[in-house]
Amino acid sequence: MFYWIVATFAAFFIKGLCGFANTLVFTSILGFVEANVSISPVELMLGLPSNVILTYKNRKNLKPSVFVPLALLVLAGSIPGAFLLINLNVQYLKIICGMAIVLIGIEMLYREYHKSQIKESRIVLGIIGLASGILCGLFGIGALLAAYVGRVTKNTEEFKANISAVFIVENIFRVIVYSIIGVINYYSLTSALVLVPVMLIALFLGIKSAQILDEKVIKKLVIILLIISGLILAISNI
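Residues numbered from 1 in each chain as written. Predicted model: local features only at pLDDT ≥ 70, side-chain atom pairs only at ≥ 80, totals over all residues. Heavy atoms only, no water.

## Thoughts on the packing of aromatic side chains
Working step 1: This model, assessed by the stated rule, comprises four aromatic pairs.
Working step 2: Ring centres 5.7 Å apart and planes at 80 degrees place the aromatic pair phenylalanine 20 and phenylalanine 159 in the edge-to-face group. With phenylalanine 20 in the loop between helix 1 (2–18) and helix 2 (22–30) and phenylalanine 159 in helix 8 (residues 156–181), the pair connects residues that are 139 residues apart, well separated along the chain.
Working step 3: Looking at arginine 59, its charged tip hangs above the ring of tyrosine 56, at a distance of 4.0 Å from the centre. (Phe/Tyr/Trp six-rings, centres within 6.5 Å; stacked < 30°, edge-to-face > 60°. Helix = DSSP H or I, 4+ residues; strand = E, 2+ residues; numbered from the N terminus. Lys NZ or Arg CZ within 6 Å of the ring centre and 35° of its normal.)

What follows is the structure, encoded as structure tokens:
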């Protein structure tokens, strides 16, 4: 349980600070000691209320033109991702997860140094949405959405509001799918309930810290740490 508490606190502090990357942090820490099929449902049940909190807090910055089409595309990819989760070898899942973390981290780091707001591209929207849906179904990883949402929103509040809104839709859908296929069980439910207080404390500390700390510097450090952890996770399972 110690690793679960550490992973929960670290993941949701980052969630409150940056608005994303909680799943990547959570999976990176626990991926060394647990199977993804055990990690994803717990993180999902902790992530849903955190997304509701962030969306409500930044509700004035919601843009339907951004979060609605993305949410629909993410849903389309979540079903195959969820079924792959229970049918693939755990070792292969960890390799895929590690590689996904590295690639997403590199893209995020590149974006931090090449910031420019772009118009929504239907092709890019489709690719990112479907890929994110599959990653969400497999590991709950929705950070790929940040690569797009970060480019089409004007500020941090707008970013947090819209990406959290997409996550809410995806989270609810994945709770239903996970329940049907048996990924969510008594163990994952009780584990999530025990960790809820840790999640709430970490989330609100992250939100408060965002008002004090240099968010850009923190975000870059987080991305670098994610790339390193993703590499270690992938290499250790080859």
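## Observations concerning the packing of helix 3 (residues 36–57) against helix 8
Working step 1: At a minimum axis distance of 8 Å, the contact between helix 3 and helix 8 shows a crossing angle of 145 degrees. Relative to helix 8, the crossing made by helix 3 is left-handed. On helix 8, the residues touching Ser40, Pro41, Leu44, Gly47, Leu48, Asn51, Val52, Leu54 and Thr55 of helix 3 are Ala161, Ser164, Ala165, Phe167, Ile168, Asn171, Ile172, Arg174, Val175 and Tyr178.
Working step 2: When grouped by side-chain class, the residues that make up the contact of helix 3 with helix 8 number 12 nonpolar, six polar and one charged. (Axes fitted to C-alpha atoms, helices over the stretch in contact; angles between N-to-C directions. Left-handed = near helix turned anticlockwise from the far one by under 90°. Contact = heavy atoms within 4.5 Å. Nonpolar A, V, L, I, M, F, W, Y, C, P; charged D, E, K, R; others polar.)

## What about helix 9 (residues 186–210)?
Working step 1: Look at helix 9: 35 Å from first C-alpha to last across 25 residues, which is about the 36 Å you get at 1.5 Å a residue.
Working step 2: At leucine 195, helix 9 shows its strongest bend, of approximately 40 degrees, with the proline proline 197 following within four residues. (Expected span 1.5 Å × (residues − 1). Bend = angle between axes of the 7 residues up to and from the residue.)

## A short note on the side chain of asparagine 51
Working step 1: With respect to the helices and strands, the residue asparagine 51 is situated in helix 3.
Working step 2: At a separation of 2.4 Å, a polar atom in the side chain of asparagine 51 contacts the side chain of lysine 15.
Working step 3: What asparagine 51 contacts, discounting residues up to four positions off in sequence, is Lys15, Ser164, Phe167, Ile168 and Asn171. (Polar contact = N/O pair within 3.5 Å; in protein donor to acceptor, adjacent residues only side chain to side chain.)

## A word on the pattern of salt bridges
Working step 1: Under the defined criterion, the tally for this structure stands at two salt bridges.
Working step 2: A salt bridge links lysine 63 to glutamate 158; its shortest N-O distance comes to 3.7 Å. Here glutamate 158 lies in helix 8 and lysine 63 lies in the loop between helix 3 and helix 4 (64–87), a separation of 95 residues in the sequence.
Working step 3: For lysine 63, a relative accessible area of 22% corresponds to the partly exposed category.
Working step 4: The class for glutamate 158 is buried, based on a relative accessible area of 8%.
Working step 5: Of the charged contacts, one joins glutamate 170 and arginine 174 as a salt bridge, the two residues approaching to 2.4 Å between their closest N and O atoms. Taken together, the positions of glutamate 170 and arginine 174, both in helix 8 and four residues apart, correspond to about one turn of that helix. One exposure class covers both glutamate 170 and arginine 174, and it is buried. (Salt bridge = Lys/Arg side-chain N within 4 Å of Asp/Glu carboxyl O. Buried < 20%, exposed > 50% of the residue type's maximum accessible area, 1.4 Å probe, protein only.)

## Observations concerning the nonpolar core
Working step 1: One finds Phe20, Phe26, Leu145 and Ile163 to be the most contacted residues of the largest nonpolar core, which totals 59 residues.
Working step 2: If we ignore the near neighbours within four places in the chain, the residues touching leucine 145 are Leu70, Val74, Ile128, Ser132, Ile163, Val166 and Phe167. (Core = buried A, V, L, I, M, F, W, Y, C linked by side-chain atoms within 4.5 Å.)

## A word on the packing of helix 1 against helix 9
Working step 1: Across the interface, helix 1 lies against helix 9 with an axial gap of 7 Å and an inter-helix angle of 40 degrees. By the angle class used here, helix 1 and helix 9 are oblique. In this structure, helix 1 crosses over helix 9, and the sense of that crossing is right-handed. Contacts from Trp4, Ile5, Thr8, Phe9, Phe12, Phe13, Lys15, Gly16 and Leu17 of helix 1 reach helix 9 at Tyr187, Leu195, Val198, Met199, Ile201, Ala202, Leu203, Leu205, Gly206, Ile207, Ser209 and Ala210.
Working step 2: In terms of residue class, the contact of helix 1 with helix 9 is made up of 16 nonpolar, four polar and one charged. (Parallel < 35°, antiparallel > 145°, perpendicular 65-115°, else oblique.)

Geometric values such as these leave the question of function open.
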